[in-house]
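# Structural overview
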Amino acid sequence: MRPRVISVVGARPQFVKAAPLSVALRHSFTEVLVHTGQHYDYGMSDVFFDELGMQAPDYHLGVGSASHGAQTGNLLRALEDVMQQEAPDAVIVFGDTNSTLAAALAAAKLNIPVAHVEAGLRSFNRRMPEEINRVVADRLSRWLFVPSSSSRRLLNAEGIVDGIHDVGDIMYDAVLQHSEHASSISSLPASAGLAPGAYYVCTVHRAENTDGPDTLRRIFSALSQLSAPVVLPAHPRTRKVLDAFEVDLPANVRVVEPLGYFDMLQLVRSSACVLTDSGGLQKEAYYLGVPCVTLREETEWVETVESGWNRLAGADPDRIGRALEHFKSPPVDRPELYGDGHTAGRISAILLQELGG
């Protein structure tokens with residue numbers, strides 16, 4: 001009998017991570033895909049299922065937005081019902097969202113073993129909800145699939161030594177599988193009137209940068225000093241702040257709706273530099289050979305900084321400006337930091353060995 005697993009996704013980075021693993025799992029497992037609805041509109045959700053060739057979710061919980069406590073509570077209740085109905089051999093969670101936390105908690109309380117994909121990451125900033133989510137998920141997981149040796153060391157330092165597997169970064173699988181296809185079907189950047197290497201890409205969505213208008217204004221102040229266009233695909237949270245506080249946009253900043261995976265890959269690949277507070281985009285920029293300025297004071301992906309391709313600048317206009325000036329001459333070498341692009345196969349093989357079938 002094939003082992004039965006539930007994969008829980010809820011936000012756009014998780015769809016990207018789940019897609020290659022779902023393909024690998026379906027050779028030997030019965031996979032039940034649960035979409036919590038944490039991200040729920042087409043641009044943040046459905047387009048990824050369409051583009052990545054993922055099966056339609058077996059369950060769509062439609063939880064939607066709420067405060068962290070309310071959203072996590074709603075997720076916990078709904079996920080517990082699904083797990084009791086499906087009785088899986090394991091539950092797979094991804095990354096560090098409230099969906100990750102709720103799924104790990106629900107499974108642990110039902111004595112269902114948890115597999116955490118992208119385990120062992122730490123920003124050491126407990127003000128970030130994501131940091132709380134990843135720490136708790138790691139504590140509750142039987143299998144901790146880490147993207148690098150530094151993640152293993154961080155878990156070991158917390159006293160977690162069992163069940164850790166160095167498998168690489170599953171987002172690298174996705175970039176390798178889809179980047180060439182993206183270049184053949186996406187019309188960007190030409191359709192936006194942009195020349196390769198002559199524009200920047202910026203994304204801002206984390207609470208520390210969007211809880212009010214002042215931080216956004218500081219970031220925009222830095223962007224206004226650039227002589228080239230800046231494309232800013234706006235997360236709904238960011239759009240809400242821009243509209244509520246009537247934040248003035250610099251003339252060179254183009255705010256657009258969230259992009260699908262293929263368009264975003266192609267837009268990043270052809271840009272001069274990425275400015276972001278997204279963990280996933282830091283890695284995608286690295287894989288595509290594009291320098292990155294991280295609009296935070298820390299990053300979980302420390303190897304990208306150590307390699308010289310990523311610089312931390314917070315929301316300080318001067319630091320952002322210096323980082324962009326530095327990247328006018330980007331590094332030459334790009335070492336293989338997070339595996340070889342076969343992470344999904346490794347995870348599936350380990351779970352199959354553990355669960356039988």
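In case you missed it, the structure is sitting above this.
Here the structure is a predicted model, which is why all the values come from computation and not from measurement.

Along the protein, the regular secondary structure elements total 15 helices and 13 strands. For a compact globule of 357 residues, the expected C-alpha radius of gyration is about 21 Å, and the protein comes in at 20 Å, within 12% of that figure. Its C-alpha atoms give the protein principal-axis dimensions of roughly 60 × 45 × 40 Å. By residue count, 58% of the 357 residues in the protein fall in the buried class. Across the protein, contacts joining residues at least 24 apart in sequence account for 68% of those joining residues at least 6 apart. Of the roughly 14,500 Å² of accessible surface on the protein, a fraction of 49% belongs to carbon and sulfur atoms.

Quick look at the environment of Arg-206 now. The topology assignment puts Arg-206 in the loop between strand E8 (200-203) and helix H8 (207-210). With a relative accessible area of 6%, Arg-206 lands in the buried category. For Arg-206, the residues in contact, after removing those within four places along its chain, are Met-128, Glu-130, Arg-237, Asp-277, Gly-279, Arg-296 and Glu-300. In this structure the side chain of Arg-206 is engaged in a polar contact, spanning 2.6 Å, whose partner is the backbone oxygen of Asp-277.

Here we come to the packing of helix H1 (residues 12-25) against helix H7 (residues 170-185). For the pair H1 and H7, interaxial distance at closest approach is 8 Å and the crossing angle is 80 degrees. Viewed along their axes, H1 and H7 adopt a mutual orientation that is roughly perpendicular. On H7, the residues touching Val-16, Lys-17, Pro-20 and Leu-21 of H1 are Ile-170, Met-171, Asp-173, Ala-174 and Gln-177. Grouping the amino acids of the contact of H1 with H7 by side-chain chemistry returns 6 nonpolar, 1 polar and 2 charged.

All right, on to the sheet that holds strand E5 (residues 114-117) then. Reading across from one edge, E3-E2-E1-E4-E5-E6-E7 is the order of the 7 strands in this open sheet, with parallel pairing throughout. If you trace the sheet from one side to the other, it starts and ends with strand E3 (59-60) and strand E7 (164-166), each paired once. The pairing of E5 with strand E6 (residues 143-146) spans 3 bridges and is parallel. Of the residues in E6, the one forming a bridge with Ala-115 is Trp-143. Strands in contact with helix H4 (residues 98-109) are strand E1 (4-9), strand E4 (90-94) and E5; relative to E4, the strand with the most contacts, it is inclined by about 160 degrees.

Let's shift gears to the pattern of salt bridges. Scanning the entire structure with this criterion turns up 20 salt bridges. Residues Arg-134 and Glu-131 are paired through a salt bridge, measuring 2.4 Å at the closest nitrogen-oxygen approach. With Arg-134 and Glu-131 both in helix H5 (residues 129-140), this residue pair falls 3 residues apart, about one helical turn. Glu-131 matches Arg-134 in its accessibility class, with the two residues each being buried. The partner of Arg-134 in a salt bridge is Glu-300, with the nearest N and O atoms 3.8 Å apart. Remark: Glu-300 occurs in the loop between strand E12 (292-294) and helix H13 (302-306) and Arg-134 occurs in helix H5; sequence separation between them is 166 residues. Take Arg-134 and Glu-300: they sit in the same class, and that class is buried. Ionic contacts of the salt-bridge type, sharing partners, join the residues Asp-96, Glu-131, Arg-134, Arg-296, Glu-298 and Glu-300 into one network.

This next bit is on the nonpolar core. One finds Leu-21, Ile-92, Phe-145 and Val-268 to be the most contacted residues of the largest nonpolar core, which totals 56 residues. Looking at which element gives the most residues to this core, the answer is H1, with 7 residues.

What follows concerns the environment of Ile-132. Among the secondary structure elements, Ile-132 is positioned in helix H5. Between the C-alpha atoms of Ile-132 and Thr-97, which are 35 residues apart in sequence, the distance is 9.5 Å.

The rules we used
- Residues numbered from 1 in each chain as written.
- Predicted model: local features only at pLDDT ≥ 70, side-chain atom pairs only at ≥ 80, totals over all residues.
- Heavy atoms only, no water.
- Helix = DSSP H or I, 4+ residues; strand = E, 2+ residues; numbered from the N terminus.
- Rg over C-alpha atoms; globule rule 2.2 N^0.38 Å.
- Buried < 20%, exposed > 50% of the residue type's maximum accessible area, 1.4 Å probe, protein only.
- Contact = heavy atoms within 4.5 Å.
- Areas by Shrake-Rupley, 256 points an atom, 1.4 Å probe, with all protein chains shown as cover.
- Polar contact = N/O pair within 3.5 Å; in protein donor to acceptor, adjacent residues only side chain to side chain.
- Axes fitted to C-alpha atoms, helices over the stretch in contact; angles between N-to-C directions.
- Parallel < 35°, antiparallel > 145°, perpendicular 65-115°, else oblique.
- Nonpolar A, V, L, I, M, F, W, Y, C, P; charged D, E, K, R; others polar.
- Pairing = 2+ DSSP bridges.
- Salt bridge = Lys/Arg side-chain N within 4 Å of Asp/Glu carboxyl O.
- Core = buried A, V, L, I, M, F, W, Y, C linked by side-chain atoms within 4.5 Å.

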